[in-house]
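Examination of the molecular architecture
Below are the chains, spelled out letter by letter.
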Amino acid sequence: MVGWLLEESDLKRYPHFDSWISRNEAIALATDQNRVAVHPFFPFIRYIQRYTRFAKKGRSGKVKERPIRYAARTDAYIFSYYRHLLSERYEIALKSAQLDQSILAYRKIPDESGKGGKCNIHFARDAFLKIRQLGTCCVIAADISSFFEHLDHAHLKTEWSRMLGVARLPDDHFKVFRAITKYSVVDKQKVYERLGYFGPKRKTKSGVTLKGYLRAFHDMPIQLCTGSEFREKIAGGDGNNSLIVTNFKPYGIPQGAGISDLLANLYLFDFDKIMLDRICSIGGWYLRYSDDILIILPGQLTEAMLVLNAMANLIKSFGSKLEIKDEKTSIYLVKAVGDYQEVKLAKGSHGRNGIEYLGFRYNGRKVYVRDSTLSNLHRKITRVARRNAVALARRYPDKDLTELQSLFDYEHLVQKFGRVRDFGELSNEYRNWTFWTYARRAAKILGKEGLPILRQLRNHRKNIYERVNYELARAISRRA
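Here the structure is a predicted model, which means the values were calculated and not measured. (Residues numbered from 1 in each chain as written. Predicted model: local features only at pLDDT ≥ 70, side-chain atom pairs only at ≥ 80, totals over all residues. Heavy atoms only, no water.)

Helix and strand content of the chain: 17 helices and 14 strands. Along the three orthogonal principal directions, the C-alpha set of the chain runs to about 70 × 60 × 40 Å. Each of the 480 residues in the chain was classed as buried or not, and the buried ones make up 45%. Put simply, 66% of the contacts in the chain that link residues at least 6 apart link residues at least 24 apart. (Helix = DSSP H or I, 4+ residues; strand = E, 2+ residues; numbered from the N terminus. Buried < 20%, exposed > 50% of the residue type's maximum accessible area, 1.4 Å probe, protein only. Contact = heavy atoms within 4.5 Å.)

With that settled, consider the nonpolar core. Core analysis: the biggest nonpolar cluster contains 71 residues, and Trp160, Phe271 and Ile295 have the highest contact counts within it. For this core, the leading source of residues is helix α3 (residues 73-96), giving eleven residues. Counting 52 residues, the second-largest nonpolar core is a separate cluster that includes Cys137, Val139, Leu377 and Leu472. (Core = buried A, V, L, I, M, F, W, Y, C linked by side-chain atoms within 4.5 Å.)

Time to look at the pattern of salt bridges. Within the structure shown, the criterion is met by 18 salt bridges. Between Arg288 and Asp272 there is a salt bridge, with its nearest N and O atoms 2.8 Å apart. Of this pair, Arg288 sits in strand β8 (residues 285-289) while Asp272 sits in helix α10 (residues 269-281), and the two are 16 residues apart along the sequence. Overall, Asp272 belongs to the buried group, its relative accessible area being 1%. Residues joined by salt bridges that share partners form a network here, namely Glu112, Lys118, Arg125 and Asp126. (Salt bridge = Lys/Arg side-chain N within 4 Å of Asp/Glu carboxyl O.)

Another point: the environment of Ile68. With respect to the helices, strands and loops of the structure, Ile68 is situated in strand β2 (residues 63-70). As for Ile68 and Ile48, which are separated by 20 residues in sequence, their C-alpha atoms are 6.0 Å apart. Excluding its chain neighbours within four sequence positions, the residues that come into contact with Ile68 are Ile45, Arg46, Tyr47 and Gln49.

Attention now goes to the sheet that holds strand β13 (residues 360-362). Across the sheet, three strands lie side by side as β12-β13-β14; this open sheet has antiparallel pairing. Unpaired on one side and paired on the other, β12 (355-357) and β14 (367-369) mark the two borders of the sheet. With direction set aside, neighbouring strand axes in the sheet form an average angle of 30°. Each of β12, β13 and β14 is contacted by helix α4 (residues 120-134), which is oriented at about 15° to β13, the strand it contacts most. (Pairing = 2+ DSSP bridges. Axes fitted to C-alpha atoms, helices over the stretch in contact; angles between N-to-C directions.)

The subject of this paragraph is the side chain of His155. Summarising the element assignment, His155 is placed in helix α5 (residues 153-164). Residue classification places His155 among the buried residues on the basis of a relative accessible area of 19%. Looking at His155, its side chain comes within polar contact range of the main-chain oxygen of Tyr267, at 3.0 Å. (Polar contact = N/O pair within 3.5 Å; in protein donor to acceptor, adjacent residues only side chain to side chain.)

As a further point, take the sheet that holds β8. Pairing in this open sheet of five strands is antiparallel, and the strands run β8-β9-β3-β10-β11 from one edge to the other. Taken across any chain shown, the strands that pair with only one partner, and hence form the sheet edges, are β8 and β11 (340-347). Across the sheet, the axes of successive neighbouring strands diverge by a mean angle of 20°, strand direction being ignored. Of the strand pairs in this sheet, β8 and strand β9 (residues 292-297) are connected by five bridges, and their pairing is antiparallel. Along β9, the bridge assignment pairs Leu287 with Leu294. Together, β3 (137-143), β8, β9, β10 (330-337) and β11 form the strand contacts of α4, whose direction differs from that of β9 by roughly 20°.

This paragraph deals with the packing of aromatic side chains. With the rule as written, the count across this model stands at 22 aromatic pairs. Feature note: the residues Phe41, Phe44, Phe79 and Tyr183 constitute an aromatic cluster, connected by ring pairs. Directly above the aromatic system of Tyr47 lies the positively charged group of Lys188, at a separation of 5.2 Å from the ring centroid. Sitting above the plane of the Tyr340 ring, Arg365 keeps its charged end 3.5 Å from the centroid. (Phe/Tyr/Trp six-rings, centres within 6.5 Å; stacked < 30°, edge-to-face > 60°. Lys NZ or Arg CZ within 6 Å of the ring centre and 35° of its normal.)

A few words now on helix α15 (residues 435-446). Under the 1.5 Å per step criterion, the end-to-end length of α15 is 16 Å for twelve residues, consistent within 8% with the ideal 16 Å. With nine of twelve residues buried, α15 is to be regarded as a mostly interior element. For α15, the elements touching its buried residues are α4, β13, β14, α12 (371-395), α14 (410-417) and α16 (452-456). (Expected span 1.5 Å × (residues − 1).)

Let us now look at the confidence of the model for the chain. Of the residues in the chain, 93% reach a pLDDT of 70 or more, and the chain-wide mean stands at 89. Residue range residues 420-432 is modelled with pLDDT below 50. Its contacts to residues more than four positions away, or to other chains, number 15 contacts. (pLDDT = per-residue confidence, 0-100.)

Taking 1.5 Å of rise per residue, 24 residues should cover 34 Å, and α3 covers 35 Å from first to last C-alpha, within 8% of that figure. In terms of burial, α3 is largely enclosed, as 18 of its 24 residues are buried. Gln98 sits one or two residues past α3 and shows a positive phi near 60°.

Turning our eyes to something else, we now look at the environment of Val337. Mapping Val337 onto the fold places it in strand β10. Assessed through its relative accessible area of 23%, Val337 is described here as partly exposed. As a C-alpha pair, Val337 and Tyr70 span 267 residues in sequence and 50 Å in three-dimensional space.

Structure representation (structure tokens):
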């Protein structure tokens, strides 16, 4: 068995309920079956990440909420180790079932050079090449709705035991299973407020008190509270209402935990095998990246609908809450025309301009970054530009637009989101990975079909400057 690697860089340094432990202590804990079997797992800390989904100009995008949960340090090390144990067995099972080239997410799949691993760019390229190879065909793009939140615990336990080759989970594995199924969470803001790290921060001109974090994140203690403070202030032992919310439902695991991705994969092992066998029998390909499914097969709409209906019925047998939603499903008809293909959306509302997969769009000739991906990028730029502009205008209340523009660090924002000049000589305070470098890498991996990607970002630097200037003017106008 290949040893579990835990480097110093893997040690968790974010604030949580448990104390800091060294690398050797973490390894000793996670690999000791007896200690794991009696380990008291802390609640996950949760916060909500909100963003507005891409919408055409003039329309309002749907606000989507994504719960982010992160485990205590000691819990995270245990999850990581048990993921390692299960992953080795899962990889063997995948190869035995010839699924190793169909299940793409959360795995290390070597690229053609053998020196690195494939990422979503490689997977999208491979899928589009398969479409070109088949010529005239149809493509199904489907999504398993709320995948992690609806995994049935009984079925997960069965698959977990199966991977271990046992009829009953050992005590240590059962402890981890309970921690990830009957998991508990606490709201981050409520925790910080009860511990005195979040509260009244300033008042508006109208006298309304605004709350906020009272310390910068890097100044927060690594251990948020002592054990007795946790019991009194968080768990409700001192007359306070408990902040802990436990999942008592017979389904659902927390997305983001160190073991959840592997569990979600092995959960669908039989589903994947059934689908692969069916699609391969008619000369097609079955690909699954987490909850995103792409099926490429010969035939037209009739053949695609038969496969789609069979898949929709099959997924229900793996959990009463699992479903493939019709509104998230698209069927494309692809026709070979000379040295290119014509792509037509035959069913669904997503992908009117081409087949969308893993952040990219293929129109039968070329590959582009998906419109919603660019929209998300612009949204992030706007959010950061607005926050920095408001802070600068507040810090210098007497300065006008021209003066604030001279103080704003445009290059920091450009290097964070846009093209990086003299990339090899970046100073350490700037991140050395940007959307521009990602786009360039995508264009290189995708070859000549991916050249339009760079044209999509042609005015990116100019757009960043214009957004900053707009947000500075907006911040000044709101001073009054």
